[in-house]
Amino acid sequence: MNGPWDVRSDCTPDCARHALPRVPAAEAVRRSAVFTHRVRRALTDGGRMAGPVRLRAHAAALLDALDIRLEGPAPVAGPPGTGSGPLTAPGGGPGTLLVVNHISWLDIPALLAVEPVTLLAKREVGGWPVVGGLARRAGTFFIDRTDPRQLPSTVTELCRLLASGRSVAVFPQATTWCTAGRGVFRRATFQAALDAGAPVRPVTLEYAQQGRPSTVAAFCGADTFLGSLRRVLAARALTVRVTAHPVLTTADGADGADRRELAARAERAALYGRPVAAVPVPAPVPGAARPARVHV
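Since this is a predicted model, take the numbers as computed values, not measurements.

How each quantity is defined
- Residues numbered from 1 in each chain as written.
- Predicted model: local features only at pLDDT ≥ 70, side-chain atom pairs only at ≥ 80, totals over all residues.
- Heavy atoms only, no water.
- Helix = DSSP H or I, 4+ residues; strand = E, 2+ residues; numbered from the N terminus.
- Buried < 20%, exposed > 50% of the residue type's maximum accessible area, 1.4 Å probe, protein only.
- Contact = heavy atoms within 4.5 Å.
- Areas by Shrake-Rupley, 256 points an atom, 1.4 Å probe, with all protein chains shown as cover.
- 1 Å grid on protein atoms, 1.4 Å probe; cavity = no way out; pocket = protein on both sides within 12 Å on 5 of 7 lines; lining within 4 Å.
- Points joined across faces, edges and corners; volume = space filled by probe spheres on them.
- Nonpolar A, V, L, I, M, F, W, Y, C, P; charged D, E, K, R; others polar.
- Axes fitted to C-alpha atoms, helices over the stretch in contact; angles between N-to-C directions.
- Parallel < 35°, antiparallel > 145°, perpendicular 65-115°, else oblique.
- Left-handed = near helix turned anticlockwise from the far one by under 90°.
- Salt bridge = Lys/Arg side-chain N within 4 Å of Asp/Glu carboxyl O.
- Pairing = 2+ DSSP bridges.
- Expected span 1.5 Å × (residues − 1).
- Polar contact = N/O pair within 3.5 Å; in protein donor to acceptor, adjacent residues only side chain to side chain.

Peer 1: How would you sum up the overall build of the chain? Please name residues and give values.
Peer 2: Summing up its helical and strand segments, the chain has 8 helices and 8 strands in all. Across the 296 residues that make up the chain, the buried fraction comes to 53%. Partitioning the contacts of the chain with sequence separation of at least 6, the portion at a separation of at least 24 is 78%. When the accessible surface of the chain is split by element, carbon and sulfur atoms take 54% of a total near 12800 Å².

Peer 1: Give a description of empty space enclosed by the protein that names residues and reports values.
Peer 2: For the structure shown, the criterion picks out 2 cavities of 30 Å³ or more. Volume-wise, the second largest cavity comes out at about 130 Å³. Ranked by residue count, the leading element in the lining of the second largest cavity is helix α2 (residues 52-65), at 5 residues. Among the residues forming the lining of the second largest cavity, the class breakdown is 16 nonpolar, 1 polar and no charged.

Peer 1: Any chance you could break down the packing of helix α5 (residues 151-163) against helix α6 (residues 188-196) for me, citing the residues and the numbers?
Peer 2: Relative orientation of the contacting elements α5 and α6 amounts to 45°, with a least axis distance of 8 Å. Put simply, α5 runs oblique to α6. In this structure, α5 meets α6 at a crossing whose hand is right-handed. On α6, the residues that touch Leu-151, Val-155, Leu-158, Cys-159, Leu-162 and Ala-163 of α5 are Ala-188, Thr-189, Gln-191, Ala-192, Ala-193, Asp-195 and Ala-196. Broken down by class, the residue content of the contact of α5 with α6 amounts to 10 nonpolar, 2 polar and 1 charged.

Peer 1: Outline the layout of surface pockets, supporting the account with residue identities and numerical values.
Peer 2: One simple way to see leftover space: roll a probe sized like a water molecule over the atoms. The computed volume of the second largest pocket comes to approximately 160 Å³. The element contributing the most residues to the lining of the second largest pocket is strand β6 (residues 200-209), with 4 residues. When its residues are assigned to classes, the lining of the second largest pocket shows 7 nonpolar, 4 polar and 2 charged.

Peer 1: Explain the pattern of salt bridges residue by residue, including any values.
Peer 2: Applying the stated criterion across every chain yields a total of 9 salt bridges. Taking the shortest distance from any N to any O, the salt bridge between Glu-27 and Arg-30 comes out at 2.8 Å. Of the two residues, Glu-27 and Arg-30 are both situated in helix α1 (residues 25-44); the distance of 3 residues between them amounts to about one turn of the helix. Judged by relative accessible area, which is 42%, Arg-30 ranks as partly exposed. Asp-67 is paired through a salt bridge with Arg-31; the nearest N and O atoms lie 3.2 Å apart.

Peer 1: Would you mind going over the pairing of strand β8 (residues 238-244) in detail, with residue names and values included?
Peer 2: Of the strand pairs in this sheet, strand β1 (residues 69-71) and β8 are connected by 3 bridges, and their pairing is parallel. Among the inter-strand pairings, Arg-69 is bridged to a residue of β8, identified as Thr-239. The sheet contact formed by β6 and β8 spans 7 bridges and is antiparallel. Residue pairing in the sheet places Tyr-207 in a bridge with Val-240 of β8.

Peer 1: Help me get a handle on helix α8 (residues 259-272), residues and values and all.
Peer 2: With 14 residues, α8 extends 19 Å between its outermost C-alpha atoms, agreeing within 8% with the 20 Å of an ideal straight helix rising 1.5 Å per residue. Where the residues of α8 are buried, they touch β2 (97-100), α6 and β6. The N-capping residue of α8, defined by a side-chain oxygen 3.2 Å from the backbone nitrogen of Arg-260, is Asp-258. Trailing α8 by a residue or two, Gly-273 shows a phi angle of about 70°, which is positive.

Have a look at this one:
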């Protein structure tokens with residue numbers, strides 16, 4: 001279901017293509033068996049899976065079962081949201097808002113395998129096979145994009161999470177695209193970072209096969225999870241690269257930035273890899289989030 005807060009992508013299942021010849025059928029079947037086994041192990045972990053060590057291990061195990069190589073910042077020991085992770089900004093204080101481009105259902109385990117942060121995702125993700133169950137057990141905060149009346153409360157709750165020190169990953173494009181440089185960043189979630197005085201980390205996810213850019217992992221339009229999974233199971237030498245760009249945070253002596261500027265700079269970094277200057281983030285007002293009228 002679509003609503004006034006929802007976004008439509010012009011990417012379709014036809015965008016998803018192999019960049020290399022498929023693996024033999026026997027190898028795809030083997031991967032499927034291993035993947036199924038590891039999904040069951042993760043789901044039987046129940047509420048314990050929300051623990052950062054277990055969550056990271058389960059996410060990495062799912063990628064390994066699909067023979068997907070993960071490239072990115074090395075994991076760092078320590079609980080999420082404390083400045084000890086490879087994606088969160090150092091220094092303690094509020095958590096980091098990770099703003100990430102969205103290509104595939106594989107984005108979720110790829111992120112969690114690097115650092116097990118809290119996820120903010122559209123309600124439909126909770127119903128996705130496999131990933132939906134894992135996302136729910138991982139403590140994902142789901143939002144209903146068909147009801148714009150929920151937007152202010154969503155921003156308030158996101159601000160509360162950030163102010164409490166929890167780092168949160170969001171997909172500001174609001175839907176999936178077949179490659180990184182597509183779509184635009186919606187602005188609403190950036191207001192929460194401004195209200196909480198939280199740093200913003202743009203993150204880029206890219207998929208390749210033996211170094212060649214690949215759309216085989218794309219999960220777009222009317223695609224089904226089963227159809228996407230079949231492509232991934234047959235993909236040869238698939239790699240997901242996680243790139244953490246410089247943090248957008250307080251700049252001494254500069255005037256405050258609004259969410260439009262913050263979103264634009266994060267978008268240039270995450271979608272197009274362009275360097276960005278530090279964005280001044282106002283210090284949070286003690287007590288609670290500043291009430292604000294929010295536009296997406």
